[in-house]
Every structure is written in C-alpha cells, then in structure tokens.
Amino acid sequence: WYQRRVREAVVSTQSTGSSGINAEYGDLIVVTCRCACVSAALSPHLTMVSLGSITTMRGKMSDSKYFNTQKKGEIYELKAELNSDKKEKKKEAVKKVIASMTVGKDVSALFTDVTMCMQTDNLELKKLVYLYLINYAKTQPDLAILAVNTFVKDCEDPNPLIRALAVRTMGCIRVEKITEYLCEPLRKCLKDEDPYVRKTAAVCVAKLHDISAARVEDQGFLETLGELLCDSNPMVVANAVAAISEILDTNPNAAKQVNIDTPTVNKLLTALNECTEWGQIFILDSLNNYSPRDEKECISICERITPRLAHANAAVVLSAVKVLMKLMDQITNTEFVQMLQKKLAPPLVTLLSAEAEIQYVALRNINLVVQKRPDILKHEIKAFFVKYNDPIYVKLEKLDIMIRLAAQTNIAQVLAELKEYATEVDVDFVRKAVRAIGRCAIKVEPALRSV
Amino acid sequence: GINAEYGGEILISRIYRDDIARNAVDAFRVNVIHARSQIRSPVTNIARTSFFHLKKSNIWITAVTRQNVNAAMVFEMLHKTLALMTSYFGKVSEEAIKSNFVLIYELLDEILDFGYPQKTDSGILKTFITQQGIKTTSAEEQTKITNQVTGQIGWRREGIKYRRNELFLDVLENVNLLMNAQGKVLSAHVSGRVVMRSYLSGMPECKFGMNDKIITDTKDKDNSTSDVVAKKKNAGIAIDDCTFHQCVKLSKFETERSISFIPPDGEFELMRYRTTKDISFPFRIIPLVREIGKTKMEIKVVLKSNYRPALLGQKIEVKIPTPQTTAGVNLFCNKGRSKYKSSDNAVVWRIKRMAGLKEAQLTARLSYYRVLKTENGNVRLSP
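In this text, all values refer to a predicted model and were calculated from it rather than measured experimentally.

A.B. asks: What should I look at first to understand the overall build of chain A in this one?
C.D. replies: The helix and strand inventory of chain A stands at 24 helices and 0 strands. Of all 451 residues assigned to chain A, the portion counted as buried reaches 57%. Taking the intrachain contacts of chain A between residues at least 6 apart in sequence as the baseline, contacts between residues at least 24 apart amount to 65%. Summed over its atoms, the accessible surface of chain A is roughly 20200 Å², and 51% of this surface lies on carbon and sulfur atoms.

A.B. asks: Please explain the environment of A:I381 as it appears in this structure.
C.D. replies: Relative to the helices and strands, A:I381 is located in the loop between α20 (356–372) and α21 (392–405). Those residues in contact with A:I381, other than ones at most four positions away along the chain, are A:M402, A:L405, A:A406, A:N410, A:Q413 and A:V414.

A.B. asks: Please explain helix α9 (residues 160–172) of chain A as it appears in this structure.
C.D. replies: Along an α-helix, residues three or four positions apart point the same way, because every turn accommodates 3.6 residues. Residues and elements named next belong to chain A. The terminal C-alpha atoms of α9 lie 19 Å apart, and with 13 residues this matches the ideal 18 Å at 1.5 Å per residue to within 8%. Counting buried positions along α9 yields 13 of 13 residues, so the element is predominantly enclosed. For α9, the N-terminal cap is N159; the gap from its side-chain oxygen to the backbone nitrogen of L161 is 2.9 Å.

A.B. asks: Sorry if this is basic, but what is going on with the packing of aromatic side chains here?
C.D. replies: The description of an aromatic ring pair uses the distance of the two centres, along with the angle that the planes make with each other. Under the counting rule described, the total for this entry stands at 13 aromatic pairs over all chains. Between B:F52 and B:F75, the ring centres sit 5.5 Å apart and the planes meet at 75°, which makes this aromatic pair edge-to-face. Of this pair, B:F52 sits in strand β4 (residues 49–56) while B:F75 is found in helix α2 (residues 71–89), placing the two residues 23 residues apart along the sequence. Residue classification places B:F52 among the buried residues on the basis of a relative accessible area of 5%. Take B:F75: its relative accessible area is 0%, and that puts it in the buried class. With a centroid separation of 5.9 Å and an interplanar angle of 75°, the aromatic rings of B:Y162 and B:Y199 are classed as edge-to-face. Separated by 37 residues along the polypeptide, B:Y162 in the loop between α6 (139–150) and β8 (166–179) and B:Y199 in strand β9 (residues 185–199) bring together distant segments of the chain. Since its relative accessible area comes to 30%, B:Y162 is described here as partly exposed. We classify B:Y199 as partly exposed; its relative accessible area is 25%. Within the aromatic cluster, the residues linked to one another by ring pairs are A:F282, B:F114 and B:Y116.

A.B. asks: In this structure, what is going on with the nonpolar core? I would like to understand it.
C.D. replies: Nonpolar side chains in soluble globular proteins tend to be buried together. Within the largest apolar cluster, 190 residues are counted, with the highest numbers of intra-cluster contacts made by A:Y132, A:L377 and A:L418. Of all the elements, helix α18 (residues 314–328) of chain A adds the most residues to this core, at 12 residues. Ignoring sequence-local partners within four residues, the contact set of A:Y132 consists of A:V97, A:I98, A:M101, A:V107, A:S108, A:L110, A:F111 and A:V114. Within the second largest apolar cluster, 22 residues are counted, among which are B:W155, B:L200, B:V248 and B:F253.

A.B. asks: Even after reading the chapter, I still don't get the state of the cysteines, so can you show me in this structure?
C.D. replies: Two cysteines, two sulfur atoms, one covalent bond between them: this is a disulfide. Evaluation of the coordinates by the stated rule reveals 0 disulfides over all chains. Summary of cysteine pairing: A:C298 is not part of a disulfide, and the nearest cysteine sulfur, belonging to A:C302, is at 6.3 Å.

A.B. asks: Help me out: how do you make sense of the pairing of β4(B) in this one?
C.D. replies: Two faces make up the sheet, and in a regular strand the side chains alternate between them. Residue and element names in this part refer to chain B. With 6 of 8 residues buried, β4 is to be regarded as a mostly interior element. Inspection of the sheet shows strand β3 (residues 43–46) paired to β4 by 4 bridges, in the antiparallel sense. The residue bridging N45 from the neighbouring strand is S50, located in β4. Joining the antiparallel neighbours β3 and β4 is a turn of 2 residues, in which A47 adopts a positive phi near 50°. Remark: 2 residues form the turn of the hairpin made by β4 and strand β5 (residues 59–65), two consecutive strands paired antiparallel; S57 in that turn has positive phi of roughly 45°.

A.B. asks: Teacher, can you tell me more about the interface of chain A and chain B here?
C.D. replies: The parts lose accessible area when they come together, and the size of an interface is often stated as this lost area. Of the residues lining the interface, 95 residues belong to chain A; the matching set on chain B comes to 77 residues. A combined buried area of about 7500 Å² lies between chain A and chain B, and 58% of that area is made up of carbon and sulfur atoms. If you sort the residues of chain A by the area they bury against chain B, A:T102, A:W278 and A:E357 come out on top, with a joint share of 9%. At the junction of chain A and chain B, the tally comes to 5 salt bridges. The shortest N-O distance in the salt bridge between A:E277 and B:K80 comes to 3.3 Å. At the junction of chain A and chain B, the tally comes to 22 residue pairs in polar contact (both at pLDDT 80 or more). Looking at the side of chain A that touches chain B, the element that brings in the most residues is helix α11 (residues 195–211) of chain A, giving 8 residues.

A.B. asks: Whenever I open this one, the side chain of B:S187 confuses me. Can you help?
C.D. replies: Looking at where B:S187 falls in the secondary structure, it is placed in strand β9. Classification of B:S187 as buried rests on a relative accessible area of 16%.

A.B. asks: Just to check I follow, could you spell out helix α1 (residues 24–33) of chain B for this structure?
C.D. replies: Every buried residue of α1(B) is listed here: B:A24, B:V25, B:F28, B:R29, B:V32 and B:I33. Buried positions in α1(B), seen along its axis, are confined to an arc of 140° and lie on one side of it.

A.B. asks: Would you mind going over the packing of helix α4 (residues 74–82) of chain A against helix α5 (residues 87–102) of chain A with me for this structure?
C.D. replies: All names here are of chain A. Relative orientation of the contacting elements α4 and α5 amounts to 145°, with a least axis distance of 8 Å. Between α4 and α5 lies a crossing whose hand is left-handed. Contact residues: L78, E81 and L82 in α4; K89, K90, A93, V94, K96 and V97 in α5. Partitioning the contact of α4 with α5 into residue classes produces 5 nonpolar, no polar and 4 charged.

A.B. asks: What's the story with the sheet that holds β9(B) in this structure? I'm lost.
C.D. replies: Strand pairing in a sheet relies on backbone hydrogen bonds, with the paired strands running either antiparallel or parallel. All names here are of chain B. Strand order in the open sheet made by the 4 strands is β8-β9-β14-β12, with antiparallel pairing throughout. Edge positions in the sheet fall to β8 and β12 (241–244), since each has one partner strand and no second. Taking each pair of neighbouring strands and ignoring which way they run, the sheet shows an average axis angle of 20°. Bridge analysis of β8 against β9 gives 14 bridges, and the strand direction is antiparallel.

The rules behind the values
- Every chain is numbered on its own, with residues counted from 1 as its sequence reads.
- Here chains are named by letter from A upward and ligands by number from 1 upward, in the order in which they appear as written.
- Only residues with pLDDT of 70 or above have their local features reported here, since the model is predicted, and side-chain atom pairs are shown and tallied only from 80 upward, although totals for entire chains, interfaces and linings are computed over all residues.
- Excluding hydrogens and water, the side-chain figures rest on all heavy atoms present in the structure.
- For helices the rule is a DSSP run of H or I covering at least 4 residues; for strands it is a run of E covering at least 2, with both sets numbered from the N terminus onward.
- The classification of residues rests on relative accessible area computed with a 1.4 Å probe and restricted to protein chains. Under 20% of the type maximum is buried, over 50% is exposed, and intermediate values are partly exposed.
- Residues count as neighbours in contact if any of their non-hydrogen atoms are within 4.5 Å of one another.
- Here, Shrake-Rupley sampling with a 1.4 Å probe gives the accessible areas, and only protein chains in the shown set may cover a residue.
- Expected span of a helix: the number of residues minus one, times 1.5 Å.
- Think of a polar contact as two N or O atoms within 3.5 Å of one another; within protein, one of them needs to be a possible hydrogen donor and the other a possible acceptor, and neighboring residues in sequence only count if both atoms come from side chains.
- Each pair of aromatic rings taken from Phe, Tyr and Trp, with Trp reduced to its six-membered ring, is defined by centres within 6.5 Å and is described as stacked if the planes are under 30 degrees apart, edge-to-face if over 60, and tilted in the remaining cases.
- Take the buried Ala, Val, Leu, Ile, Met, Phe, Trp, Tyr and Cys residues and link them wherever side-chain atoms come within 4.5 Å; each set so joined is a nonpolar core.
- Throughout, a disulfide means two cysteine sulfur atoms within 2.5 Å of one another.
- For two strands to count as paired, DSSP must find a minimum of two bridges between them.
- Here the buried area means the combined drop in accessible surface, using a 1.4 Å probe, for two parts upon being joined, counting both sides.
- We define a salt bridge as a side-chain nitrogen of Lys or Arg found within 4 Å of a carboxyl oxygen belonging to Asp or Glu.
- Each C-beta atom gives one direction from the helix axis, and the arc is the one those directions make.
- Fitted lines through C-alpha atoms serve as axes, helices being fitted only where they are in contact, and the angles separating the N-to-C directions of these axes extend from 0 to 180 degrees.
- The handedness criterion is simple: a crossing whose near helix is rotated anticlockwise from the far helix by less than a right angle is left-handed, and one whose near helix is rotated clockwise is right-handed.
- Classification used: nonpolar for Ala, Val, Leu, Ile, Met, Phe, Trp, Tyr, Cys and Pro, charged for Asp, Glu, Lys and Arg, polar for all others including Gly.

Here it is in structure tokens:
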C-alpha cells in the first residue's frame, strides 16, 4: 500500500512539475521519506525521484532547490546553461551539477562544459568546479589535462587564497599526467611568501608522495619539507610535521633525506606553544617516533609537554599522555616518575566528563595505561563506576577498568557495585559483571569470603 | 572521507583520499544505521575500513578511513565540524544541509586537507567563507585573512571595535552524584565551566585568577580602561583538575599558575574544572521500591531540598527509570507534575519551583507484564 502511495505522489509531482501541491500532501512527505529508505534496494531511481519531490514541495528559496529531479534531457539543458554567456546562469548550472553529483548521479558527461567554467574570478564558482574535477578527473584523464593550464596560472595568482586553492586541488587530482605538471608550481609554492600557501603546499607534498613516492624523492621535495620545519609560522611547521610523519610511516627509507632529530625537536616543542590544537596533535604524535639520547633530554621533553595536559581538546591530552608514557620508560629518576604519575591522573579522569564517543576512546586508552602502570589511577576507581545513562560501550569499558583496578583496599566497594550491575537490563553487560565478580575473587583473596 | 547522512541517504560527502570509494558508505548503512540491534560502539570496523560516527537527532556524521588514525582526533574533529555548522546555520537537519550544501563543501575543503584538520575556528572562517558567497576582497584584505588563518591568534580577528567594552563571566556547575540503594554516597564530583562573553576592542590581554577572589583586569589597546573587579566568594576550593580553551597560555599556567589569554570575540568556554572535595548536595533523594507480587511495584521518592530557605530551585526534573515491560502507571505527587513517558521508559516528575529545606513526595504504582519463555524458546508477554 505504501509503495503504491509513493508512486502516486511521484507521478503527480512530475505532471505538475513544480510546487503546486496542496498541504494535503504534507503528511505524505513523511511517509515518502521513510519509504524511500526501505525501497532503495528495490528501485534506487524511485528513491532519488522522491527525494527530489520532497524539496520541491517545500518550495524554499535556498540551494536545496538544486536537488530537483532530473528529467530526461536535463543533461542537455545543463550543457546549454553551462555554456551560457551570463555568469549567474553558469553558476546556477554548476550548482545543479554538484547537487546531482551529491545524490550520486553520474554527471561525468558534462566534463568539458564544467571545465570551461574554470576560468573565472568568482572564487565560489571556482571552488565548485574544482570539486567536480576532483571527483571525475580519474574517469576522464585525457580531458583533465585541459585543466592543467588554469591550475598553473592560478598558482601564480596575486590572491594567496587562489594560489593555495590551486595547490590544494591539484594535489587531489590523482592522474599521473597531471602530477608531472604539478611539480614546478609546488616547488614555487613551498617557498611562497604567504604562510597560508606554504602550509597548503606542505600537505601537498604528502599527497604527491601518496601518488608517486619516487617523484617526491627525485625532485628534492623532502629536503624542502624538512626546511619548513624551521618556518616562522607555526601552522606551516605543524603541517610539515604531519606530512613528514606520514611519509616516514609509509617509506622508512625517506629518513635519509628528512628526519626529526634533536635540534628539530627543540623547534617543534617551541612551536607546540603557538600552534592550533590540531597542530599540537601532529607535533605530539610525531614525537612518538623520536628517541631521546639520554635521560636528561627525556626529562626536559616531559617538562615541556606536561602543560598540554590542561588543554580542552581531548585528543591533545591523549597524545600528550602517550608521549609521556613512552618517555617515562627511559627515566630512572623515581622521584620524577612519581611526580609525573601524579600529574597524569586528574586529566585522565576529566576525560570521562567529555562526550560519549570521546569517553569511549579515552577509556580504551586508559585501559592500556592501567595495564602498564596501575599506580597512576589506583585511587580513582570511583570515577569508573558505571552511571545509569552511560551508553553500553562506555559501560563495558568502565567495567573492564574497574576490574583491573580492584585491589584489597577497595574490593568491598567494587563487589557492592558489581552486585548492582548484575541487575541491569543489558544481557551482555550483566554477563560481564557476573564474570567480573569471579575475576575479582581470583585476584583478591579476601574477596573470596564475601563472594 | 566525511559523510553526513539522513536515514541512510548521503546528504553530503567529501572524499580526501583515494582508498575509500563512495560505496563504502553502503556497508555502513547496512551494518549500523539499519541494523536491528542497538549501537554497540561509535567505531565500527567493516572489511578493514573504520567508520567513526556521531549521531545528532536523525543526522549521522561519519568519518571513514582505512588507515591507523588518531581516534580521539577524529571524534574531536567531528564534534568541531558539527559545532561549526551549527554556528553558521543553526540546527543541523536534512533541510539545513541541503540548503547550505555549497557552504558546507567550502568548509569541508578548508577545515580538512588530505585528512589533516586545519583551521576550525568559526570566528576566522566567517571572515572569508560566508553563506552569501565569497566577497571580492582587496589584496590587503586577502593577506590579512591568510595571516589570521595561519596566525598564532587563530581565534580572534584584528580590528574589532566596540563603543562600550564589556565582559561577562558565568560560572556553571554540574553536581554529579552516585548513590547506592541504601543512600550511601559512592562518588560525587562537581564539574564546572567558566563561560565568558567578551565584547572588547583590539587584542586585549586578560588575566584570570582563582582561589579566593577572582579579579579580571582588562587592558585595552586604546587605553580606555575598564577595570572590572568581580569578587566571588570562594572559600579556597581545592580544584582537582582543569582544562582550558586553546587561547590560554598553558605554559604560563604550569609555571606561575596564572591564567592569561587573549579572548575570542563573543561567547566561549574559558575553562572547565572538576572538584571532588567539600561538595554540598543541593538535593537529597530517598527512593523506596517495593515489589507487590510478580506484576506490581510501588515506588516512593522523597525529594528534600538542602539549600537555604531563601534560595529557590527552578525547573527541577526527576527522572525515574521504569522497566521496559511496564504496562500501566498510577502517579500521585504532592508538588509539581508527573508523567509517565513510555518512549523514554521513565516517569518524569517536574517541579517548577522549590524553596530550600522543603520536602516533596511522589508515589508511583506500576503494573508490568512478565516476560515468559515458552517451550519452543519463543517469548510471550503475560499480564
């Protein structure tokens, strides 16, 4: 019955062709939407048509109107509009093309026409055309070459936003022939006077390395990237670090040409203070691959990293914890290690007040921390007591950590909690709680009596 | 890649690397969105591809990768993307995403490059990515924009001017309490946020002090001094831990214990703190649960307000979870209104206003089905 109603609604929109539907169909919209998902498997075409009909019925004057249904021959209409003289019409046409691309329709036939629109001062239009290019360049590599001229020209544009856009987009077009032409502009942009362009170029080296590692090595980009580590702008440094870390990850041989060594580490730690939160994550993660020469250096690095534990971004805190845990292994000064352990506990517990997904990641990490150094959180077992409205994945992880932290001093509390959990609703959780009681009994002998 | 989906249909997506194809999302849709069972994890692994997802009302935002990425960074990025979109066009819904798809594509292009997060601060991004399309700018403005995007002070643009320089501070605290059935307090902590609303000109350096008094000094570039001294009664709380907004100079905090920063314009969360000592609970709840036979239960909840009689508690809401097999509920309360919400599986008791040192009581009588298993393993509900 539902499918029949859906077909009716679709037929009527097509016949009237616009938002001439009365309010009665307002209710049907909801039904159509739900059915669209169910019937997607049966007839995808129906899905897209009904999605289109929903937005026409709303009749809003916004970009959602570009998600209109595609009637037969609309490709030809679009072709004409793309080649129109009026700038506004061109922009509208490109928006329609992108909208069709978004819902998954194939608009690759319009490649040449869209590429013709690339030569424009309108930044918004340019970005849309570039987006189209990134998507379809692989399917039409010979035609994509036509775009190269514009890219090379844009890399020398007086507007730094356009230069960076060109570099960024060229790196995303993974066609072998185009990458040949990319090298010269990339070389220039790596030394550009504007930091925005330099930071984009740094990431582009990583993109190029992904397409063709040999080319990156031959053209000496790795050395240039290494030089960017000493750049005056912290965002450039951060992107360079990220690019280098990834390159070294996939190609350890590249370490001959660029590597993170002691003087660089010092510069990175200084940049740590000035970077955005994401830059701080890149830098901290790269430090994981660095081995300090001696204990003194370990201690000095630890001291420069500990302020990061107070950052609002959970990923910064976790990355800092990771580096500190690794460095602690090399420090024999027990007093310092104990001081560090004391500093690590509060930020880890604070992470448990974050959003559920971040709590989950933090708990998985805390599990490892507790396995390696149970002393850090030995007094904080209460923080891992399960709350009623925690999502199931958080509950299961907290339970696991609770068991690891169970010891003679707190076993009474833990058992009382586990007893409560055994009456919970989720079967998986209850099973785990009951098993936990057994594990605790094995772990802590006096508990055997109360169990 | 990043996708935003509605009911399984891709609303908008952006692919940053070659190793993921658009149809990877189909696997996600089948396994997670349309799965019969409840969601067991925000991270799903299907055929060596990891899907990290966030669900906001009926929109799913997914990040897809085949590599070993920093999971915390991915989730923080997804949250920031959501916050950015909300800051631009309000509630994130199917309608809003479709109406602003050009803007979203531009943002996705700017905030993530090859999968590396770049600038996600809405203040700066709004200067050159707008809903009305890009405004043509002069060469001077362009360099100003690029300097700000890559600059150290990435959260505040230059040249802000206000006629009246004002600063507002709000301290919002959440008391969290875990109590067992006998009324013994198992764990409690207070998580507080200091939210600041700054309407200041130029690039002022502010300092924030804690412990006994909070003094805020704001020095203006134009020297129109507005010495705001706000004293807060804080008989020396011991703070367990605090985290700060990225504008705070963390190294200074570590060494001198001073919080100095150049604030973003408008509203932002300066810091979050957590304390577990000396907590006075504003309410005491005494629950009594009695089972009558196998199908009836009586729940009595006494709510006592623990603060000064002069203070008024407002918009108090007590949520009492009920079994999923609840058939009927009879409620009686001597203050406020109570309702049984079957969709939430809870009895919700709302009290508009309650003065200190007062008591309120709710009695709920529930009748529920018993779930029986028949011989062939089927489940049957019996009244």
